[in-house]
Amino acid sequence: MTAAQIERMDALPNIDVEVLFFIDSAQLTNRAFATLAILGRALADERLGGQVFLIAGHTDATGPPDYNLALSERRAQAVRDFLIMNFGIAEDRLLARGFGPSRLKVPQHPGSRLNRRVQVVNWTSEADANAAPPPQAAPSPP
């Protein structure tokens, strides 16, 4: 992802959802289910019916970059699948992308559990502008 794309993404309305993951896992925890239930009800509200959201998966910086990128994609997909199956959110309203360790929430602590998260970005303005879906992050060089 280019610096301009990251800057544009950061300017869009977004929230870091407190859906944290264990190391080396894309499995949703019991705590994640509770958080996603709140998010799912909000996304299912008819007032957000025309909105498109990016589900961005992230990892900490431990482990190989290629592995972390794939893991972050699985995390984003797990959240997307949960929201679609449990709240009937239309598939075309949720874009799942992985960013690996390229966008650490706590960069001064690259191994922090707070970096193993998903972020939800309102992508509607980008989708309305016929923008391509957000690209996946390229693995960082070793």
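Residues numbered from 1 in each chain as written. Predicted model: local features only at pLDDT ≥ 70, side-chain atom pairs only at ≥ 80, totals over all residues. Heavy atoms only, no water.

This part covers the overall build of the protein. Along the backbone of the protein there are four helices and four strands. Along the protein, from the amino end to the carboxyl end, the secondary structure elements read α-β-α-β-α-β-β-α. Here the protein holds 142 residues, and the buried ones make up 44% of them. Residue pairs at least 24 apart in sequence account for 77% of intrachain contacts in the protein once pairs closer than 6 positions are excluded. In the form shown here, the protein has an accessible surface area of approximately 7,400 Å², with 55% of it arising from carbon and sulfur atoms. (Helix = DSSP H or I, 4+ residues; strand = E, 2+ residues; numbered from the N terminus. Buried < 20%, exposed > 50% of the residue type's maximum accessible area, 1.4 Å probe, protein only. Contact = heavy atoms within 4.5 Å. Areas by Shrake-Rupley, 256 points an atom, 1.4 Å probe, with all protein chains shown as cover.)

What follows is about the pairing of strand β2 (residues 53-57). Among the five residues in β2, five count as buried, and that is most of the element. Looking at chain direction, β2 and strand β3 (residues 94-98) are connected through five bridges and run parallel. Counted as the bridge partner of Phe53 is Leu94 from β3. In terms of handedness, the path from β2 via helix α3 (residues 65-87) over to β3 forms a crossover that is right-handed. Strand direction decides the pairing type here: β2 and strand β4 (residues 118-122), joined by five bridges, are antiparallel. The partner of Phe53 across the bridge, within β4, is Asn122. (Pairing = 2+ DSSP bridges. Right-handed = clockwise from strand over helix to strand, strands pointing away.)

Turning next to unusual backbone geometry. One non-glycine residue, Asp24, adopts positive backbone phi at about 60°. With respect to the helices, strands and loops of the structure, Asp24 is situated in the loop between β1 (14-17) and α2 (30-44). For Asp24, a relative accessible area of 49% gives the class partly exposed.

This brings us to the environment of His58. In this structure, His58 sits in the loop between β2 and α3. A relative accessible area of 0% places His58 in the buried class. For the pair His58 and Phe99, spaced 41 residues apart in sequence, the C-alpha separation works out to 5.4 Å. A polar atom in the side chain of His58 sits 3.3 Å from the side chain of Gln119. (Polar contact = N/O pair within 3.5 Å; in protein donor to acceptor, adjacent residues only side chain to side chain.)

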